[in-house]
Structure formats: structure tokens, C-alpha cells
Amino acid sequence: AIKAIAMTNDANAAALGELYYGGGKHLKRKDLVEITLGTGLGSGFVSNGDIIYGHNSFAGELGHIIVEPNGRSCGCGNCGCLESYCSATGIRRTALRLIDDTATPSSLRKIEREKLTAKDVSIAAAAGDKLALEVWDITGHYLAIGIATAVAITTPEAVFLFGGPTKAGDLLMNPLKKYLDKYMHHSMK
């Protein structure tokens with residue numbers, strides 16, 4: 001017998017999953033940020049064990065903070081959103097921009113534009129492709145801006161990353177750490 005049903009978005013559900021069954025269950029204050037990287041960029045903010053929903057249930061939309069004024073168009077209708085740079089779709093867009101705007105040799109140039117994916121970028125970067133490595137550096141740069149912003153506002157005990165692009169491992173994490181060291185306030189590291 002079902003006792004209760006609750007609905008929320010996927011990123012908030014991921015944050016609750018992390019809180020109850022993942023790394024969040026070991027946190028003392030139960031303050032965390034979960035960032036889901038996929039087709040888009042979602043996030044869930046947990047404070048004192050509760051999801052922060054805000055007055056209209058749309059709080060914590062980290063994917064829609066502006067990281068590049070007058071930047072890329074975003075599906076939300078705005079320009080320069082974190083999602084347009086750090087989602088799998090954003091990673092693909094970065095690769096296509098570098099293909100168009102640079103002469104850097106790359107195996108990515110051999111893939112049909114319409115078929116190019118973030119996974120292709122990972123495979124090329126793992127093989128040492130300089131253009132693909134630059135894509136991950138750019139992605140890490142923007143993601144660090146987003147995370148540093150979230151941390152400055154909420155000071156969580158932990159930030160968790162989830163989703164397809166995280167499978168890139170060190171290709172994402174090394175530039176992310178480099179830029180977090182640059183952008184995060186020293187008292188919040």
C-alpha cells in the first residue's frame with residue numbers, strides 16, 4: 001500500500017537520493033548541492049536536510065545563472081546560462097565553436113556536425129586531442145564559476161556532480177579543480 005506520493009524535478013530527486021542513500025547521508029548538517037549534467041544542467045539545493053524550493057518551487061536553478069553576459073542562447077530564452085556551456089549539449093556547442101573558429105587539428109573535425117556528441121569529445125580528449133582537451137578546459141572553467149557561486153551563497157558541506165559528462169572523469173575534474181582553486185573564496189574550500 002502506497003502511503004504517500006511526492007513529485008519533484010529530476011535534479012531535486014537526485015539531491016534527495018544523494019542525501020538519503022549517497023554521500024550526503026554522512027554529512028553532519030545535511031547541507032549539499034547536487035548538480036546533474038546531462039542534456040541540460042539541473043541542480044538541487046539541500047539545507048538542513050530539506051530541499052530548497054522557494055516561494056514558487058523553482059529555487060536552485062543553477063543551470064540558469066549567467067556565467068557569460070551576452071553569451072550563448074539557452075533553451076530558457078536567456079543568454080549566457082551555465083547550462084549552455086556545461087551540459088552535454090553545451091560541451092558539443094563548445095566543440096563546434098572551436099572547430100569553426102580555430103585551426104587546431106582534431107579528430108573531431110572528421111565527425112559529421114550533426115552526429116558530434118560530448119562522448120566523442122571525451123574519447124578524443126582521452127587520446128590527447130588538443131581541441132577536445134580545450135573543450136574540457138572551457139567546460140571546467142564555466143562549471144567552476146557556477147559551483148563557486150553556489151558555494152558562496154549556500155556554503156554547503158559538499159557539492160556532488162552526477163550525469164553523463166561526469167563519466168569523463170579527470171578530463172572534467174582536473175580543469176574544474178584548477179578553476180575552483182582560482183574562483184572559490186579561500187575560506188570556503
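Residues numbered from 1 in each chain as written. Predicted model: local features only at pLDDT ≥ 70, side-chain atom pairs only at ≥ 80, totals over all residues. Heavy atoms only, no water.

**Here we look at the side chain of Ser43**
And step 1. Topologically, Ser43 is positioned in strand E2 (residues 41-47).
And step 2. Classification of Ser43 by relative accessible area gives buried; the value is 2%.
And step 3. Among the polar contacts listed, one links the side chain of Ser43 to the backbone oxygen of Gly60, at a separation of 2.3 Å.
And step 4. Here Leu62 takes part through its backbone nitrogen, which lies 3.0 Å from a polar atom of the side chain of Ser43.
And step 5. With residues near it in sequence (within four places) discarded, Ser43 still touches Ala11, Asn12, Glu34, Ile35, Thr36, Gly60, Glu61, Leu62 and Gly63. (Helix = DSSP H or I, 4+ residues; strand = E, 2+ residues; numbered from the N terminus. Buried < 20%, exposed > 50% of the residue type's maximum accessible area, 1.4 Å probe, protein only. Polar contact = N/O pair within 3.5 Å; in protein donor to acceptor, adjacent residues only side chain to side chain. Contact = heavy atoms within 4.5 Å.)

**As for the pairing of E2**
And step 1. Most of E2 sits inside the fold, with six of its seven residues counted as buried.
And step 2. With six bridges connecting them, strand E1 (residues 32-37) and E2 associate as antiparallel partners. From the neighbouring strand, Leu32 faces E2, where its bridge partner is Val46.
And step 3. Counting the residues in the hairpin turn of E1 and E2 gives three residues.
And step 4. Pairing of E2 with strand E3 (residues 50-51) involves two bridges; the strand directions are antiparallel. Among the inter-strand pairings, Val46 is bridged to a residue of E3, identified as Ile51. (Pairing = 2+ DSSP bridges.)

**Observations regarding the pattern of salt bridges**
And step 1. Counted according to the given criterion, the structure contains four salt bridges.
And step 2. Across the pair Lys115 and Glu112 runs a salt bridge, and its minimum N-O distance is 3.7 Å.
And step 3. Classification of Lys115 by relative accessible area gives exposed; the value is 54%.
And step 4. Close ionic contact of Lys178 with Asp137 constitutes a salt bridge, the shortest N to O distance being 2.7 Å. Residue Lys178 is located in helix H6 (residues 170-183), and its partner Asp137 is located in helix H5 (residues 130-154); the two are separated by 41 residues in the primary sequence. (Salt bridge = Lys/Arg side-chain N within 4 Å of Asp/Glu carboxyl O.)

**Points about helix H3 (residues 88-101)**
And step 1. Taking 1.5 Å per residue as the helical rise, H3 with its 14 residues ought to reach 20 Å, and the 20 Å between its terminal C-alpha atoms agrees with that figure.
And step 2. Within H3, burial applies to Gly90, Ile91, Thr94, Ala95, Leu96, Leu98 and Ile99.
And step 3. Buried residues belonging to H3 abut helix H2 (83-86), helix H4 (118-126) and H5. (Expected span 1.5 Å × (residues − 1).)

**Here's the deal with the sheet that holds E1**
And step 1. Taken in spatial order, the four strands line up as E3-E2-E1-E4 in an open sheet, and their pairing is mixed. The outermost strands of the open sheet, each flanked by one partner alone, are E3 and strand E4 (158-162).
And step 2. Packing against the sheet, helix H1 (residues 10-21) makes contact with E1, E2, E3 and E4, and its axis sits at approximately 45° to E2. (Axes fitted to C-alpha atoms, helices over the stretch in contact; angles between N-to-C directions.)

**Here we look at the packing of aromatic side chains**
And step 1. Evaluated as defined, the whole model comprises three aromatic pairs.
And step 2. With centroids separated by 6.2 Å and ring planes inclined at 15°, the aromatic side chains of Tyr179 and Tyr183 adopt a geometry described as stacked. Residue Tyr179 and its partner Tyr183 are located together in helix H6, separated by four residues, close to a single helical turn.
And step 3. Of the residues examined, Tyr183 reaches a relative accessible area of 30% and is grouped as partly exposed. (Phe/Tyr/Trp six-rings, centres within 6.5 Å; stacked < 30°, edge-to-face > 60°.)

**Focus on unusual backbone geometry**
And step 1. Not every positive phi belongs to a glycine, and Asn48 is a case in point at roughly 55°.
And step 2. Examined against the element boundaries, Asn48 turns out to sit in the loop between E2 and E3.
And step 3. Despite not being glycine, Thr155 shows a phi value in the positive range, around 40°.
And step 4. Of note, Thr155 is situated in the loop between H5 and E4.

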